[in-house]
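# Report on the structure
Take a look at the letters that make up each chain.
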Amino acid sequence: MAKDTVLESGTNPATVAKETGRSDSKDNARSISIPDIDGVAPIPKGTLDPVYEAKAKVLNNAIQEIGMGWYQWQLFIVVGFGWANDNLWPIVTSLIFTPIANEFRPSRPPLLSLSQNIGLLAGAMFWGFGCDIFGRRIGFNLTLGVTAIFGLIAAGSPNFAAIGTFAALWSFGVGGNLPVDSAVFLEFLPGSHQYLLTILSVDWALAQLVATLVAWPILGNLTCQQEEVCTKSKNMGWRYFVIAMGGISLVEFIIRFVFFTVYESPKFLMGKGRDEEAVRIVHEVARRNGKASNLSIEDLQACDPEGRHVQTDASAAIKRKLEKLSLKHVKALFATRKLAFSTSMIMAIWGLIGLAFPLYNAFIPYILATRGAKFGDGSTYLTYRNSLIIATLGVPGALLGGALVEIPRFGRKGALSISTVLTGVFLYASTTAKTSNALLGWQCAYNFSSNIMYAVLYGYTPEIFPTKDRGTGNALTATTNRIFGIMAPIIAMFADLNTSAPVYTSGALFLFAGLLVVALPFESQGKASL
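Criteria and cut-off values
- Residues numbered from 1 in each chain as written.
- Predicted model: local features only at pLDDT ≥ 70, side-chain atom pairs only at ≥ 80, totals over all residues.
- Heavy atoms only, no water.
- Helix = DSSP H or I, 4+ residues; strand = E, 2+ residues; numbered from the N terminus.
- Buried < 20%, exposed > 50% of the residue type's maximum accessible area, 1.4 Å probe, protein only.
- Contact = heavy atoms within 4.5 Å.
- Areas by Shrake-Rupley, 256 points an atom, 1.4 Å probe, with all protein chains shown as cover.
- Disulfide = S-S within 2.5 Å.
- Salt bridge = Lys/Arg side-chain N within 4 Å of Asp/Glu carboxyl O.
- Axes fitted to C-alpha atoms, helices over the stretch in contact; angles between N-to-C directions.
- Parallel < 35°, antiparallel > 145°, perpendicular 65-115°, else oblique.
- Left-handed = near helix turned anticlockwise from the far one by under 90°.
- Nonpolar A, V, L, I, M, F, W, Y, C, P; charged D, E, K, R; others polar.
- Patch = residues over 30% accessible without salt bridge, like charges linked within 9 Å, V, L, I, M, F, W, Y side chains within 5 Å.
- Phe/Tyr/Trp six-rings, centres within 6.5 Å; stacked < 30°, edge-to-face > 60°.
- Lys NZ or Arg CZ within 6 Å of the ring centre and 35° of its normal.

Now for the overall build of the chain. For the chain, the count of helices and strands is 24 helices and zero strands. Relative to its full complement of 530 residues, the chain shows a buried share of 59%. Considering only contacts in the chain between residues 6 or more positions apart, those separated by 24 or more positions represent 83%. Accessible area for the chain stands at about 20500 Å²; split by element, carbon and sulfur atoms hold 65% of it.

Rendered as structure tokens:
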């Protein structure tokens, strides 16, 4: 993580004053001493409106001055709900895949995974881009609610088409968790605590553990056995399980909506010309942290010495969104040959992993059950017990990922490359298993290394994008990931699941992605995010 405390935009207060004509000794006296790193920025300055950029720097400085306090730690907990749900519900789909296929006997079972991934893509696009128009707060509060409601309703699905529809609808809520929650968290987070973004991956791993822990007794005892004639009365486990998971999401939604007050992002308010509200929010956060802020409305007004005013009405917000769609910010991420190469490579890595992970992970219970049956121990109870054992290894994997990125001369790239390659290696090794215990061991190793991979990937990706284009960069990688995720069940529909084809395909994709990481031009270890 960053060793120096810096402004998110990568400049110091002195530079802000220079650019905006401010030379107020009082304001400079209270500024935080931060190294000037303007020259390190990978994208040329001036891409954004200079008044907007100057105001954003003032707000960044104010958040840094407040520091990490009670409000941010509370936010860390409730943002963790979003991280958890991002993994929880794809795992739910994975765990109920076989019981649903046994009960409804669809001609193409992978359509369930396809509907889920379509919902994830739609959610990521709607909530991710939408939060720049209607604000972060609405999406932050509603995404968990949408997930919980449709998850609970899905338990009553009478046929395969219904459960596929509800999987898409709950995934629409799930898809907005990371885009919105990461924006909310980062815009209140001091630069000195950016490493907490990596630590949030622990919630991602814990979600898998919780899901499989609940699934073991419910699905293990209330699910049709392999090759058994399956009826609804014998297969109620997946319905109870979905209700349990929907209940967890509902409780998290209530905690967010009722017991925690999330403030609108000061930057969002400032961008809409609501400077007074932005200042009020900063002071409210300071109050919640037991501190006082020196930020005043005059500080923001001083960033506009010539009296120019940025358009702030709804039409201007739409216009700015259309400007984003006009590829202005996309072009900024390809402004230089080196930056274009970095952006293209990280998108490719996200895409390959987006295809490899769901292609394999969605069929883990199926593989465990069919291989276990071949070995003579394929009961549903053992299948879900093994899934729980596998999930347990994810938590220490995520924690180890946070430690590996700080090893000198190893850093983010080393940790990401090695963990991604090992993930592919362990998948290939699983095809050599002669007993169910050997298969279980290889899959534990796979989950351990893949959680290291995701912990590093979630932290590294936003670090290599500058603040003014970080949203666009994250949107590009997330969209690429979801599009390739949609391809996974399509490939599975035409693959022979009675062979190791999904394993070989996933393993090859992980290996290739790990090699691409080595070619990434930027290493962010010990460097401040701009």
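Continuing now.
Attention now goes to the state of the cysteines. Inspection of every chain in the model, using the stated rule, returns one disulfide. Here C224 is linked by a disulfide to C230, with a sulfur-sulfur distance of 2.2 Å. Across the disulfide from C224 to C230, rotation about the S-S bond amounts to roughly 85 degrees, and the bridge is consequently right-handed. Like C230, C224 is buried.

If you trace the backbone, L169 turns up in helix α7 (residues 160-174). For L169, a relative accessible area of 31% puts it in the partly exposed group. Apart from the residues within four sequence positions on either side, L169 is in contact with V146 and F150.

So, on to the pattern of salt bridges. Tallying each qualifying case throughout the model produces six salt bridges. When the shortest N-O distance is used, the salt bridge between R256 and D181 registers 2.6 Å. Separated by 75 residues along the polypeptide, R256 in helix α11 (residues 237-259) and D181 in helix α8 (residues 177-186) bring together distant segments of the chain. Note on accessibility: R256 and D181 belong to one class, buried. For E277, the salt bridge goes to R274, with nearest N and O atoms at 3.0 Å. Under the relative-accessibility criterion, E277 is labelled partly exposed at 30%.

Moving on, we get to the packing of helix α4 (residues 70-104) against α11. In the contact formed by α4 and α11, the axes pass within 10 Å of each other and the chain directions differ by 165 degrees. One element, α4, and the other, α11, form an angle in the roughly antiparallel class. As α4 runs across α11, the sense of the crossing is left-handed. Considered class by class, the residues forming the contact of α4 with α11 number 16 nonpolar, four polar and four charged.

The next point concerns the packing of helix α6 (residues 136-154) against α11. Look at α6 against α11: their axes get within 8 Å of each other, and the N-to-C directions meet at 160 degrees. One way to sum up the angle between α6 and α11 is to call them roughly antiparallel. Crossing angle aside, the handedness with which α6 passes α11 is left-handed. Here F140, N141, T143, L144, G145, T147, A148, G151, L152 and A154 of α6 come into contact with α11, specifically with W238, V242, I243, G246, G247, S249, L250, E252, F253, R256 and F257. Each residue belonging to the contact of α6 with α11 can be placed in one class, and the counts come to eleven nonpolar, eight polar and two charged.

On the surface, L152, L222, Y240, I243, L250, V251, I254, I255, F257, V258 and F259 cluster together into a nonpolar patch covering about 970 Å² of accessible area. Sort the elements by how many residues they give to the nonpolar patch and α11 lands first, with nine residues. Summarising the element assignment, I255 is placed in helix α11.

Take I149: it is sitting in helix α6. Separated by 17 residues in sequence, I149 and F166 have C-alpha atoms that sit 9.8 Å apart.

By convention here, two paired aromatic rings are described through the distance between centres and the angle between planes. Tallied over the full model, the rule gives 20 aromatic pairs. One aromatic cluster in this structure is built from W83, W204, W350, F357, Y454 and Y458. Above the plane of the ring of F140 lies R256, whose end atom (NZ or CZ) is 3.8 Å from the centre.

Worth remembering: the numbers are spatial, not functional.
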